[in-house]
Amino acid sequence: MEISKNLLGFLSTIPKNVQLVAVSKTKPAEMVKEAYDVGQRFFGENKVQDLVAKYEQLPKDINWHFIGHMQTNKIKYIAPFVQMIHAVDSSKLLKEINKHALRNNRIIQCLLQFHIAEETTKFGLNLSEAEAILNNNEFKNLKNIQISGVMGMATFTDNTAQIRNEFKKLKEYSDLLKEKYFGDKPYFKELSMGMSGDYLIAIEEGSTMIRIGTKIFGSRS
Ligand SMILES: *Cc1c(COP(=O)(O)O)cnc(C)c1O
């Protein structure tokens, strides 16, 4: 695989204001380094153990994003260095992230994960659940986390109209939360949506951050 060529080719096709998070899960640190060497700094992992291992092996100016399901008992391992946690879907998790960020004297950026796909999964919020988190008085006292926006995954389908509708829905939720809870908070601005199969639609629907694995690092076994 020619990672650097794939990466530079890919970057030339996306708007400059869309942040690429290169999803390096299951791929060796050498591949991350190859992307790093041509300028990529944002990388995403979905397993705590793998993220820690790569953090230790690779340059320290990498902006690490955790994109998987976060278990509260594992936050402590990544809290010293993780930049953003993409899939926050409970008050409990938010409080735990805040606790470990505080211990490390850091602010950790978080995205609220919405469930927008038709597939049933136990992960992701609906609008009223997200609002319940933001209305919770305890939330207002969490000084070491910053809600930077929202994240979602569309249904895995060939039906592009459906994918588009799901991304539109996520954008609506984001706009609504911004207006109602983050009007004076410029840091609430990220719309993390779009993967290798659907990023073009996601960008058309307002994505600010795409999470791309396969198209850069090749398919995973
Ligand atoms: C694996 C993964 C991606 C990247 O998927 P590709 O289809 O390989 O681009 C994006 N987001 C999440 C949450 C993932 O787990």
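Residues numbered from 1 in each chain as written. Predicted model: local features only at pLDDT ≥ 70, side-chain atom pairs only at ≥ 80, totals over all residues. Heavy atoms only, no water.

A. Fine view of the pairing of strand E8 (residues 209–212). Neither face of E8 is open: one carries Met209 and Arg211, the other Ile210 and Ile212, and all of them are buried. Bridge count for strand E1 (residues 19–23) against E8 is 4 bridges, and the pairing is parallel. Its bridge partner being in E8, valine 21 is matched across the sheet by arginine 211. (Buried < 20%, exposed > 50% of the residue type's maximum accessible area, 1.4 Å probe, protein only. Helix = DSSP H or I, 4+ residues; strand = E, 2+ residues; numbered from the N terminus. Pairing = 2+ DSSP bridges.)

B. Broad picture of the pattern of salt bridges. Taken as a whole and judged by the stated rule, the model has 13 salt bridges. In this structure, arginine 164 engages glutamate 204 in a salt bridge whose closest nitrogen and oxygen atoms are separated by 2.8 Å. Taken together, the positions of arginine 164 in helix H8 (residues 160–181) and glutamate 204 in helix H9 (residues 199–204) put the pair 40 residues apart, joining distant regions of the chain. Take arginine 164: its relative accessible area is 27%, and that puts it in the partly exposed class. Glutamate 205 is paired through a salt bridge with lysine 168; the nearest N and O atoms lie 3.1 Å apart. Of this pair, glutamate 205 sits in the loop between H9 and E8 while lysine 168 sits in helix H8, and the two are 37 residues apart along the sequence. Connected through salt bridges with shared partners, the residues Arg164, Lys168, Glu204 and Glu205 form a single ionic network. (Salt bridge = Lys/Arg side-chain N within 4 Å of Asp/Glu carboxyl O.)

C. Focus on the site of the ligand. Near the ligand, the surroundings consist of Val23, Lys25, Ile67, Met151, Met153, Met195, Ser196, Arg211, Ile212, Gly213, Thr214 and Arg220. Serine 196 places a side-chain nitrogen or oxygen 2.6 Å from an oxygen atom of the ligand. Contact with the protein chains hides 90% of the accessible area of the ligand, taken as 390 Å² for the molecule alone. (Near = heavy atom within 4 Å. Polar contact = N/O pair within 3.5 Å; in protein donor to acceptor, adjacent residues only side chain to side chain. Areas by Shrake-Rupley, 256 points an atom, 1.4 Å probe, with all protein chains shown as cover.)

D. Representation of helix H6 (residues 127–135) within the structure. Listing the buried residues of H6 in full gives Leu127, Ala130, Glu131, Ile133 and Leu134. End-on view of H6: buried residues confined to an arc of 155°, all on one side of the axis. The inward-facing, buried residues of H6 abut helix H5 (91–103), strand E5 (108–114), helix H7 (137–140) and H8. (Arc of directions from axis to C-beta. Contact = heavy atoms within 4.5 Å.)

E. Seen up close, the packing of aromatic side chains. Overall, the coordinates contain 5 aromatic pairs when judged by the stated rule. Summarising the aromatic geometry, the rings of phenylalanine 43 and tryptophan 64 are spaced 5.9 Å apart at their centres and angled 45° between planes, so their arrangement reads as tilted. In this pair, phenylalanine 43 sits in strand E2 (residues 42–45) while tryptophan 64 sits in strand E3 (residues 63–66), placing the two residues 21 residues apart along the sequence. The residue whose ring lies beneath arginine 41 is tyrosine 36, and the NZ or CZ to ring-centre distance is 3.6 Å. (Phe/Tyr/Trp six-rings, centres within 6.5 Å; stacked < 30°, edge-to-face > 60°. Lys NZ or Arg CZ within 6 Å of the ring centre and 35° of its normal.)

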